[in-house]
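As a plain string of letters, each chain reads:
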Amino acid sequence: MKHKITLLLFLFLSLTLYSQIDSTKVAFVAYWSIGDDYNFKASKVKREWKNDVQTKKDSSQYIANFKVLDSTDKSYKIQWTYKNNIVSTFQEKAEKIFEDKEVVNQILKKNDLSKVIYKTNELGEFIEILNWKELGESTKLLLKEMLNSFEKKNPEKVNELRNALNPIIEIYSSKQGIEQLAISELQYFHFPFGLEYDITTPIKYEQELPNVLGGKPILADATLTFEEVDFENSFCSLKEETVINPNDTKRVVKELFKKMKIDETKTKDTIDNAIFDITDLNYYQYYYNPGVPHYIYGGRKFILKMEKTDIEKIEELYIELIYDE
């Protein structure tokens, strides 16, 4: 009798444990606690070609810190800090516009853009940046100070630059602009959270990418594939491939040129006849429990073909977890 009871108990436990592990699905849910703290090394590489001749290769690195400040039943409050106090996105764009590295560095040192406070829901899905107004105001002052510096050296060109810069100031001082452009790393970091995925087959879906100029979003076709799942260690690797709608790209380019007060009669035919090809290839390696990335790669390839000029750009982002030794 004892042997039979033992056997039944064994079968019951086996069935119970088996039912708790669904080998066809992975759920991305954040299991964070107040005080959780992780450091990441972030690297950015940008390359550009014009008519098959490489014209640019830039790279930058920095250390970022992810820290959970608060946790409730419905949300997490997170601090994302750039430890070296450099926001490379602004630095790269500013140096390109103003062509004066020393001036850009001096202005950046006076404007603190190194700390981002933001909120997620209870699953870890990104909701919003909480201190976006402070970041936006600092960005606006930064760009205006750079414009004043440029005016002193090039007074005859300042009006042209101001027209070109005003929509950029508007974008980077808005909530959506800060979230989508300045702090793009966070969009990658929180991308998988909030869903349970079927890992047995590629997942195809239509994305709506935010239009930082406002108005209609940019459509894209995406495919998500799970390449590896280690249930024992709650670890997985997934790949996302995205093709951005070329007609929507043209529409947004026209909107930007209009805001920059560029004569539409000079650009309409060029844009209408141009071929835009933008594709994203992203890789994620994640400890889905507790919800921490081991490695993230974000790559975008931009190809523009015009009558006499072909341009190709590749932008790459690497985020790597720094393990305590």
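Structure first, text after, so check above.
This is a predicted model, so every value here is computed, not measured.

Draft legend 1. Spatial organisation of the overall build of the protein. For the protein, the count of helices and strands is nine helices and 13 strands. By residue count, 41% of the 325 residues in the protein fall in the buried class. Within the protein, counting contacts between residues at least 6 apart in sequence, those at least 24 apart form 63% of the total. For the protein, the accessible area works out to roughly 18900 Å², and carbon and sulfur atoms hold 51% of it.

Draft legend 2. Up close: helix H4 (residues 132-153). For H4, built from 22 residues, the straight-helix expectation of 32 Å at 1.5 Å per residue is met to within 8% by its first-to-last C-alpha distance of 32 Å. The complete set of buried residues in H4 reads Leu135, Gly136, Ser138, Thr139, Leu142, Leu143, Met146, Leu147, Ser149 and Phe150.

Draft legend 3. Focus on unusual backbone geometry. Pro290 follows Asn289 through a cis peptide bond whose omega is 20 degrees. Mapped onto the elements, Pro290 comes out in the loop between strand E11 (275-287) and strand E12 (292-305). With a phi angle near 50 degrees, Asn51 is a residue other than glycine that sits in the positive phi range. Among the secondary structure elements, Asn51 is positioned in the loop between strand E2 (37-50) and strand E3 (53-71). Residue class for Asn51 comes out partly exposed when judged on its relative accessible area of 39%. Backbone geometry places Ser234, a non-glycine residue, at a positive phi of 50 degrees. By secondary structure assignment, the location of Ser234 is in the loop between strand E9 (218-230) and strand E10 (235-244).

Draft legend 4. Spatial organisation of the sheet that holds E2. Here 11 strands make up an open sheet; going across it, the order is E6-E5-E4-E3-E2-E13-E12-E11-E10-E9-E8 and the pairing antiparallel. In this open sheet, the two strands that pair with only one neighbour each are strand E6 (126-129) and strand E8 (203-209). The sheet shows a mean angle of 20 degrees between the axes of neighbouring strands, direction not considered. Pairing geometry for strand E4 (residues 75-82) and strand E5 (residues 115-121), over seven bridges, is antiparallel. If you follow Gln79 over to E5, its bridge partner there is Ile117. The sheet strands contacting helix H8 (residues 246-259) are E9, E10 and E11, and the helix crosses E11 at an angle near 105 degrees.

Draft legend 5. The pairing of E4, seen in detail. The buried fraction of E4 amounts to seven of the eight residues, a majority that puts the element mostly inside the structure. Bridging between E3 and E4 involves seven bridges; their strand directions are antiparallel. Each bridged residue has a counterpart across the sheet, and for Lys67 the counterpart in E4 is Gln79. Two successive antiparallel strands, E3 and E4, enclose a turn made up of three residues.

Draft legend 6. Broad picture of the pattern of salt bridges. Within the structure shown, the criterion is met by 10 salt bridges. For Asp280, the salt bridge goes to Arg300, with nearest N and O atoms at 2.7 Å. One end of the pair, Asp280, is in strand E11; the other, Arg300, is in strand E12, and 20 residues separate them in sequence. Using a relative accessible area of 34% as the deciding quantity, one classes Arg300 as partly exposed. Connected via shared salt-bridge partners are Glu227, Lys239 and Glu241.

Criteria and cut-off values
- Residues numbered from 1 in each chain as written.
- Predicted model: local features only at pLDDT ≥ 70, side-chain atom pairs only at ≥ 80, totals over all residues.
- Heavy atoms only, no water.
- Helix = DSSP H or I, 4+ residues; strand = E, 2+ residues; numbered from the N terminus.
- Buried < 20%, exposed > 50% of the residue type's maximum accessible area, 1.4 Å probe, protein only.
- Contact = heavy atoms within 4.5 Å.
- Areas by Shrake-Rupley, 256 points an atom, 1.4 Å probe, with all protein chains shown as cover.
- Expected span 1.5 Å × (residues − 1).
- Pairing = 2+ DSSP bridges.
- Axes fitted to C-alpha atoms, helices over the stretch in contact; angles between N-to-C directions.
- Salt bridge = Lys/Arg side-chain N within 4 Å of Asp/Glu carboxyl O.

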